[in-house]
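Chain residues, written in single-letter form:
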Amino acid sequence: MERKLPAAAAAVLAGIFLATAPCAHAESVSAMTPASVVTALQAQGYTAALGQDEAGDPLVTATIGGWRSQVVFYDCNEVTHAACQSLQFSSSFRPDRPFDAQKAVAFVNANRFGAVSVASDKSVTVSWDVITGQGIDSSVFALVVKSYRMALDSIGTEAFPAGHPQLASAAR
């Protein structure tokens with residue numbers, strides 16, 4: 001005796017399966033596809049433009065929450081400058097208030113994926129590394145950018161007095 005599911009039960013099961021199946025068309029962001037980085041930044045409301053660095057690798061110039069930034073592409077093919085595997089967000093500025101090695105260490109301790117350096121001219125560079133490989137989900141990339149921006153805002157409160165134009169633009 002062959003048993004068949006009633007049509008309604010089959011429809012319910014099909015709906016459950018479709019609702020729980022992984023999405024094969026999830027948007028991803030990858031260093032392998034530099035335009036995806038630009039698109040993802042713009043989708044978050046930031047300005048971003050794709051260019052090249054001196055070596056010919058992709059380079060994105062962006063303004064993230066008022067902070068002038070670069071997205072540098074790493075681990076690219078040395079000949080074709082394609083198939084990059086990772087990104088580094090980077091912003092440099094000259095602080096109005098003293099920012100020393102002790103503050104840099106405190107920043108690094110509080111920001112797992114970030115790094116900060118203080119040059120001999122007292123300029124500060126904040127960087128944030130991301131391995132994308134063939135791609136990370138756009139929601140994960142958005143979290144990376146948000147974390148980077150929050151780190152810049154945090155270090156900005158140490159580097160600039162309250163009411164400084166940089167902090168005002170970062171609050172946008």
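Residues numbered from 1 in each chain as written. Predicted model: local features only at pLDDT ≥ 70, side-chain atom pairs only at ≥ 80, totals over all residues. Heavy atoms only, no water.

Within this structure, the stated rule accounts for seven aromatic pairs. Judged by centre distance (6.3 Å) and plane angle (40°), the ring pair of W67 and F160 falls under tilted. With W67 in strand β4 (residues 67-74) and F160 in the loop between α4 (138-159) and α5 (165-170), the pair connects residues that are 93 residues apart, well separated along the chain. For W67, a relative accessible area of 2% puts it in the buried group. (Phe/Tyr/Trp six-rings, centres within 6.5 Å; stacked < 30°, edge-to-face > 60°. Helix = DSSP H or I, 4+ residues; strand = E, 2+ residues; numbered from the N terminus. Buried < 20%, exposed > 50% of the residue type's maximum accessible area, 1.4 Å probe, protein only.)

Quick look at α4 now. An ideal rise of 1.5 Å per residue puts 32 Å on 22 residues; α4 measures up with 31 Å between its terminal C-alpha atoms. Those residues of α4 lying buried are F141, V144, V145, Y148, R149, A151, L152, I155, G156 and A159. Buried residues of α4, seen end-on, are gathered within an arc of 155° and therefore sit on one face of the element. Exposed and facing more than 90 degrees away from the buried side of α4 are L143 and M150. (Expected span 1.5 Å × (residues − 1). Arc of directions from axis to C-beta.)

Take the pattern of salt bridges next. By the definition in use, this model includes three salt bridges. A salt bridge links K103 to E158; the shortest N-O distance between them is 3.7 Å. Here K103, found in helix α3 (residues 101-110), pairs with E158, found in helix α4; they are 55 residues apart in sequence, far enough to count as distant. Classification of K103 as partly exposed rests on a relative accessible area of 30%. Residue E158 is classed as partly exposed on the basis of its relative accessible area of 36%. With a shortest N-O distance of 3.7 Å, D153 and R149 are connected by a salt bridge. Placement of the pair is D153 and R149 together in helix α4, with a separation of four residues, close to one helical turn. (Salt bridge = Lys/Arg side-chain N within 4 Å of Asp/Glu carboxyl O.)

Moving on to the sheet that holds β4. In space, the six strands of this open sheet follow the order β2-β3-β4-β5-β7-β6, with antiparallel pairing throughout. The open sheet has two edge strands with one neighbour each: β2 (47-52) and β6 (114-118). Looking at each pair of strands side by side, their axes are set apart by 25° on average, direction ignored. Pairing of β4 with strand β5 (residues 86-93), which is carried by five bridges, proceeds in the antiparallel orientation. In the sheet register, V71 faces β5, and the bridge partner there is F89. (Pairing = 2+ DSSP bridges. Axes fitted to C-alpha atoms, helices over the stretch in contact; angles between N-to-C directions.)

It is worth spelling out unusual backbone geometry at this point. For D75, which is not a glycine, the phi torsion comes out positive at approximately 60°. Looking at the secondary structure, you find D75 in the loop between β4 and β5. Phi is positive for K122, which is not a glycine, with a value near 75°. One can find K122 in the loop between β6 and β7 (124-131). Residue K122 is classed as exposed on the basis of its relative accessible area, which comes to 56%.

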